[in-house]
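A look at the structure
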Amino acid sequence: MTRFLLNRLGQAIIVFLMVSAMVFGALRILPEDPIYSIVGEDSEGYTPEQVAKIKADYGLDKPLPVQYFDWLSAFVVGDWGNSFQNGLPVTRMINRKLPFTIQLALGALVIGVVFGISTGVVAALKRNTKWDAIATSSAMVALALPEFWLALVLILVFSVYLDLLPVFGSALIWQDPLFAIQSSILPWLALGIGGAATLMRQSRSSMLETMGEDFIRTARSKGVPERVVIIKHALRNSLLPVVTILGLRIGRIIGGAIIIEVMFAIPGIGQMSVTALTKADYPVIMAVTMISAMAIIVANLVTDLAYSYIDPRIRYA
Amino acid sequence: MTQTTHQQEKLDVASDTVLDVRNLSTQFRTQAGVIKAVDNVSFNVKEGEVLAIVGESGCGKSVSALSVMRLVPTPPGEITDGQVLFGGQDLLQLRNEEMREVRGGQIGMIFQEPMTSLNPVMTIGAQIAESLMIHKGMSKEAALDRAEELLISVGVSDARLKMDDYPHQMSGGQRQRVMIAIAMSCEPKLLIADEATTALDVTVQAQILELLINVTQESRTALIIITHNLGIVARYANRVNVMYAGKLRESGSAIDVYKKSAHPYTVGLLGSVPNLMASTEGKLDSIEGEIPDLSNLPSGCAFEPRCTFAQDRCRTEDPSLQAVGAEHIAACWEAEKVQGSK
């Protein structure tokens, strides 16, 4: 197990280096010159010498590889730099905004898991009935809907027409639970339904397969109540492919969170990264990208560990 | 006591008869049409008795057993007729909840594939203990203790260690021993072994069969062995039922069925069992032709197209079961000729 974890840590470091180098290089292709973010809109008031001086202060005049290693060596010791836009330490901005994103992503994940797996299991057990048809076709529709469109429709229906839920404003659940939930329901749905649809389809087919297995017949021949057959014998055995899909969904949720945060004006790191992109705010973009990369790496590790928990035939040496 | 007597009178079942199946018919609706997997089959098994049901794949022997347990997948399967009398009641009339208590509690069942018949993500101990907790109301601790005793009783070495193993860590023979421990855990009155030894190595087959006989004889549990191999049950079965194309074709004591076979299909089955003593030219006899399409059976005897004794009558009239000896019945127009040819 220790060897497995060390192995995965090594892989994580390689992934981290590759992602950071690629993003670092790609940022330089942005048409936006970071100097405008640093000095503000009235850059015309600066002489070329002054501009060159500022660039040198920020290390932007050095060759790209040097800039990258400067950034990397500072990043790994926790110095994530200051934002070009407002001069604030990036770590402080992240600390303030990351909880909103985590709240959004986890809520969407829970919605995906709860709705997805439960409807998938029900559809499998009620195969070829109207319930199965409703669940399966709803999932098809949900898969086809882009998140931003779904977000718009949800806002229109629940906030504008029905006036049930707030359109804007956010709170963290441990600070203002009621308002946090009220204001998060729509973003959670908008971000979570796609995952629910994917998980529904996967758990349906996985459950159908498992219910036809010999050991299910054995369980029934032992007189195990049908409810227990489904939950204890079938569900766990059918979870493996579902967990795989779940691991892959994490990346989608992080990507989707950017759009959802902008649409619902949630002050998370997704919204922050959009602003940072338009301003060529390199330190902020790098920090956000690295956090996303780490989240995906951790999610995949958790998925692999979940495999061995679910299925004893998978053991990591 | 009075109640038992009353029920026995009502259902007219001999006191030592554990299971009495009467006119059982089970169909499957498929796209090719209705398949009569089990067609008007009657048999019974007594306390401590070993009944073998033999026949080729698709002859209806497994479906008969699954019908008794009411485990036929529905749809497409459906028990259309008959009675399954067990413990003074017709199992086919029980509510699902009552039937669930019979399964595992009073009738144990073992299946063909030891590789896939155990839950891969549950420990061996938990899988044995589960039955005990359901039917005996045991606590988890008590059930696990009993499960360990059961593992020892079915000859699993290092039972204590094996309790925490998962099925994939065991051999096929060991898994089948675990299946026997599960099936016997609640001291059932009847054990059904559906091709329980077919998937095992030949040497292991004999061990598992011996074990099945031993555990059931100890407790006078009735045993139904379902197999396509007449050879392996020859030594153990008290009675043998031969099935073909969903129907019972011959039934009698093992000796009668082996020595005085009255149905050409039985003769064919016996001929296809390898025999070390037989001085043939090294070629195994086989039954010519294939089993008929169950959705489109011939109008006469279903075995007629493959039968060497076939007459004109066999093509038009399906023979019913007739006595061909004491407690020996067969469904063949030419039964006497078949017996005389042995």
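Residues numbered from 1 in each chain as written. Chains lettered and ligands numbered in written order. Predicted model: local features only at pLDDT ≥ 70, side-chain atom pairs only at ≥ 80, totals over all residues.

**What to know about the overall build of chain A**
From N to C terminus, chain A includes twelve helices and zero strands. Seen in sequence order, chain A has helices and strands lined up from the N terminus as α-α-α-α-α-α-α-α-α-α-α-α. Once the C-alpha set of chain A is aligned to its principal axes, its extents read approximately 85 × 55 × 35 Å. Per-residue burial over chain A gives 33% buried out of 317 residues. Contacts in chain A between residues at least 24 apart in sequence constitute 74% of all its contacts with a sequence separation of at least 6. (Helix = DSSP H or I, 4+ residues; strand = E, 2+ residues; numbered from the N terminus. Buried ≥ 20, exposed ≤ 12 C-beta atoms within 10 Å, placed from the backbone. Contact = placed C-beta atoms within 7 Å.)

**Focus: the sheet that holds strand 5 (residues 89–90) of chain B**
All names here are of chain B. The strand order across the open sheet built from four strands is 2-1-4-5, with neighbouring strands paired in antiparallel fashion. Both edges of this open sheet fall to strand 2 (33–46) and strand 5, since each of them pairs with a single strand only. Where strand 4 (residues 77–86) meets strand 5, two bridges bridge the pair, whose relative direction is antiparallel. The partner of L85 across the bridge, within strand 5, is D90. Along the sheet face, helix 2 (residues 61–68) touches strand 1 (17–30), strand 2 and strand 4 and points at about 110° away from the line of strand 1. (Pairing = 2+ DSSP bridges. Axes fitted to C-alpha atoms, helices over the stretch in contact; angles between N-to-C directions.)

**Quick look at the environment of T136(A)**
Residue and element names in this part refer to chain A. Structurally, T136 can be placed in helix 6 (residues 130–144). The class of T136 is partly exposed, set by 17 C-beta atoms lying within 10 Å. With 65 residues separating them in the primary sequence, T136 and R201 have C-alpha atoms 7.1 Å apart.

**Some details on unusual backbone geometry**
Residues and elements named next belong to chain B. The phi dihedral of R70 falls on the positive side, at around 55°, and the residue is not glycine. Within the secondary structure, R70 sits in the loop between helix 2 and strand 4. Given 18 C-beta atoms within a 10 Å radius, R70 is considered partly exposed. One non-glycine residue, D158, lies in positive phi territory at about 55°. Here D158 lies in the loop between helix 5 (140–153) and helix 6 (159–162). On the basis of neighbour counts, which here come to 10 C-beta atoms within 10 Å, the residue D158 falls in the exposed class.

**What to know about the interface of chain A and chain B**
Taken together, the contact pairs 19 residues of chain A with 23 residues of chain B. Looking at which element gives the most residues to the side of chain A that touches chain B, the answer is helix 9 (residues 214–221) of chain A, with seven residues. The class makeup of the residues in the side of chain A that touches chain B is six nonpolar, five polar and eight charged. (Nonpolar A, V, L, I, M, F, W, Y, C, P; charged D, E, K, R; others polar.)

**Thoughts on the sheet that holds strand 7 (residues 190–194) of chain B**
Strand pairs in the sheet, formed through backbone hydrogen bonds, run parallel or antiparallel to each other. All names here are of chain B. The strand order across the open sheet formed by eight strands is 6-7-8-3-9-10-12-11, and the pairing between neighbours is mixed. Bordering the open sheet on either side are strand 6 (107–110) and strand 11 (322–325), each of which pairs with just one other strand. Strand-to-strand twist across the sheet, computed as the mean angle between neighbouring axes with direction ignored, equals 20°. Summarising the sheet, strand 10 (residues 247–253) and strand 12 (residues 328–330) pair through two bridges and their orientation is antiparallel. Following the sheet pairing, S251 is matched in strand 12 by I329.

**Here's the deal with helix 1 (residues 2–27) of chain A**
Taking 1.5 Å as the rise per residue, helix 1 of chain A with 26 residues should run 38 Å; its terminal C-alpha atoms sit 37 Å apart, in good agreement. Summarising burial for helix 1 of chain A: zero of the 26 residues are buried, a small minority. (Expected span 1.5 Å × (residues − 1).)

**Let's talk about the confidence of the model for chain A**
In the predicted model, chain A carries a mean pLDDT of 88, and the fraction of residues at 70 or more is 98%. Averaged pLDDT values for the elements of chain A fall to 76 in helix 2 (residues 34–39) of chain A and rise to 93 in helix 9 of chain A. (pLDDT = per-residue confidence, 0-100.)

**A look at the confidence of the model for chain B**
Residues and elements named next belong to chain B. Confidence along chain B averages 84 in pLDDT terms, with 92% of residues attaining 70 or more. Mean pLDDT across the secondary structure elements of chain B bottoms out at helix 1 (residues 2–11), with 43, and peaks at helix 4 (residues 124–135), with 93. Across residues 1–11, confidence stays below pLDDT 50; counting only partners more than four residues off in sequence or on other chains, it has seven contacts. Interface predicted TM-score (ipTM) for the complex: 0.84; the corresponding pTM is 0.79.

**Quick word on the domain arrangement of chain A**
All names here are of chain A. Domain annotation of chain A identifies domain 1 (2–76) and domain 2 (91–310). Relative placement of domain 1 and domain 2: their C-alpha centres are 33 Å apart. Taken together, the contact between domain 1 and domain 2 spans 15 residues of the former and twelve residues of the latter. Among the secondary structure elements, those contributing two or more residues to the side of domain 1 that touches domain 2 are helix 1 and helix 2. The dominant element in the side of domain 1 that touches domain 2, judged by the number of residues it contributes, is helix 1, at nine residues. Residue composition of the side of domain 1 that touches domain 2, grouped by class: ten nonpolar, two polar and three charged. (Domains from an automatic or database assignment.)

**Some points on the packing of helix 10 (residues 226–263) of chain A against helix 12 (residues 282–310) of chain A**
All names here are of chain A. Two elements in contact, helix 10 and helix 12, have axes whose closest approach is 9 Å; the angle formed by their N-to-C orientations is 175°. When the axis of helix 10 is compared with that of helix 12, the two are roughly antiparallel. Side by side, helix 10 and helix 12 meet where R236, L239, L240, V243, T244, L246, G247, I250, G251 and I254 of the first sit next to S292, A295, I296, A299, N300, T303, A306, Y307 and I310 of the second. For the contact of helix 10 with helix 12, the residue count by class is twelve nonpolar, six polar and one charged. (Parallel < 35°, antiparallel > 145°, perpendicular 65-115°, else oblique.)

**Considering the nonpolar core**
Formed by 100 residues in total, the largest nonpolar core has its most connected members in I180(B), A193(B) and I224(B). The element best represented in this core is helix 7 (residues 172–184) of chain B, accounting for seven residues. In this view, I224(B) contacts V45(B), L51(B), I53(B), A65(B), I192(B) and A193(B); residues no more than four positions away in its chain are not counted. Counting residues in each nonpolar core, the second largest holds 41 residues, with A108(A), L154(A), I254(A) and I260(A) among its members. (Core = buried A, V, L, I, M, F, W, Y, C linked by C-beta atoms within 7 Å.)

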